[in-house]
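Below are the chains, spelled out letter by letter.
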Amino acid sequence: MSERIPLMSRPVPVIVVILLALAVDQAIKFAVEMWLPFQEAVPVMPMLALYRTYNYGVAFSMLSGMEAWFIITLRLFVVGFVAWLWRQTPKARGFAHTGYAFIITGAFGNIIDKVLLGYVIDYVLFHTQTWSFAVFNLADTFITVGAALVILDELLLLRRRDR
């Protein structure tokens, strides 16, 4: 009896999911650019606002002083490495494969911005009166959720090995 291969461990569904998620990411960023005022908080609920700003670096504006080509090359290297990990990971590990796909999607979403605009559009702000988290976007969320899924997969794998 052969083991079922999880959906996100198959190349075609992963490519389809990545392309659909990229389309959603870019559509939201387009809408943000068209209708959200620049660097003005638009409250959504307590502690959450929409706040359009531009990130010229990578996560949390790190490397914002670096040349665009360097940042794009760095992101492409990350995409290549994560794609390699996706291929090397056993097919039964669906959480890891899903996580890798999300990371690739988020990286590509931000690469598209950087190539076309020279910066990444960020628009989600968590805050209080005395504290605020870095402004981020859907692509950043994909990367974070993807990393969490890879970590979850590793923890589940450790748990299975301990039994």
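Everything numeric in this text was worked out from a predicted model, so none of it was measured.

Section: the packing of aromatic side chains
Geometry of an aromatic ring pair is reported as the spacing of the ring centres plus the angle between the planes.
(1) Moving on: Considering all chains together, one arrives at nine aromatic pairs under this definition.
(2) Moving on: Geometrically, the ring pair formed by Phe 38 and Tyr 54 is tilted, given 4.8 Å between the ring centres and 40 degrees between the ring planes. In this pair, Phe 38 sits in the loop between helix H1 (11-35) and strand E1 (42-45) while Tyr 54 sits in strand E2 (residues 48-55), placing the two residues 16 residues apart along the sequence.
(3) Moving on: Assessed through its relative accessible area of 36%, Phe 38 is described here as partly exposed.
(4) Moving on: Between Trp 131 and Phe 133 the ring centres are 6.4 Å apart and the planes differ by 40 degrees, which places this aromatic pair in the tilted class.
(5) Moving on: Through pairs of rings, three or more aromatic residues link up here, namely Phe 38, Tyr 54, Tyr 56 and Tyr 119.

What about the sheet that holds E1?
(1) Moving on: Reading across from one edge, E1-E2-E3 is the order of the three strands in this open sheet, with antiparallel pairing throughout. For this open sheet the edge positions go to E1 and strand E3 (120-126), each flanked by a neighbour on one side alone. The mean angle between the axes of side-by-side strands here comes to 35 degrees, regardless of whether they run parallel or antiparallel.
(2) Moving on: Pairing between E1 and E2: three bridges, direction antiparallel. Across the sheet, residue Val 42 finds its bridge partner in E2, namely Leu 50.
(3) Moving on: Contacting E2 and E3, H1 crosses the sheet at an angle of about 80 degrees to E3.

Structural notes on the confidence of the model for the protein chain
(1) Moving on: Mean pLDDT over the protein chain stands at 91; residues scoring 70 or higher make up 93%.
(2) Moving on: Here helix H2 (residues 68-88) stands out as the element of the protein chain with the lowest mean pLDDT, 91, in contrast to H1, whose mean of 97 is the highest.

Here we look at the pattern of salt bridges
Should the charged atoms of two oppositely charged side chains come close, the side chains can pair.
(1) Moving on: Counted under the stated rule, the structure contains five salt bridges.
(2) Moving on: For the salt bridge of Arg 93 with Asp 153, the shortest nitrogen-to-oxygen distance reads 2.5 Å. Here Arg 93, found in the loop between H2 and helix H3 (94-117), pairs with Asp 153, found in helix H4 (residues 138-162); they are 60 residues apart in sequence, far enough to count as distant. There is no split in this pair, since Arg 93 and Asp 153 are both buried.
(3) Moving on: One connected set of salt bridges, linked through shared partners, spans Asp 25, Lys 29 and Asp 113.

Quick word on a nonpolar patch on the surface
(1) Moving on: A cluster of nonpolar side chains, Met 66, Trp 69, Phe 70, Leu 74, Phe 77, Val 78, Phe 81 and Trp 84, forms an exposed patch at the surface whose accessible area comes to about 820 Å².
(2) Moving on: Mapped onto the elements of the fold, Met 66 is located in the loop between E2 and H2.
(3) Moving on: On the accessibility criterion, Met 66 (38% relative accessible area) is partly exposed.

Rules behind the numbers
Residues numbered from 1 in each chain as written. Predicted model: local features only at pLDDT ≥ 70, side-chain atom pairs only at ≥ 80, totals over all residues. Heavy atoms only, no water. Phe/Tyr/Trp six-rings, centres within 6.5 Å; stacked < 30°, edge-to-face > 60°. Helix = DSSP H or I, 4+ residues; strand = E, 2+ residues; numbered from the N terminus. Buried < 20%, exposed > 50% of the residue type's maximum accessible area, 1.4 Å probe, protein only. Pairing = 2+ DSSP bridges. Axes fitted to C-alpha atoms, helices over the stretch in contact; angles between N-to-C directions. Contact = heavy atoms within 4.5 Å. pLDDT = per-residue confidence, 0-100. Salt bridge = Lys/Arg side-chain N within 4 Å of Asp/Glu carboxyl O. Patch = residues over 30% accessible without salt bridge, like charges linked within 9 Å, V, L, I, M, F, W, Y side chains within 5 Å. Areas by Shrake-Rupley, 256 points an atom, 1.4 Å probe, with all protein chains shown as cover.

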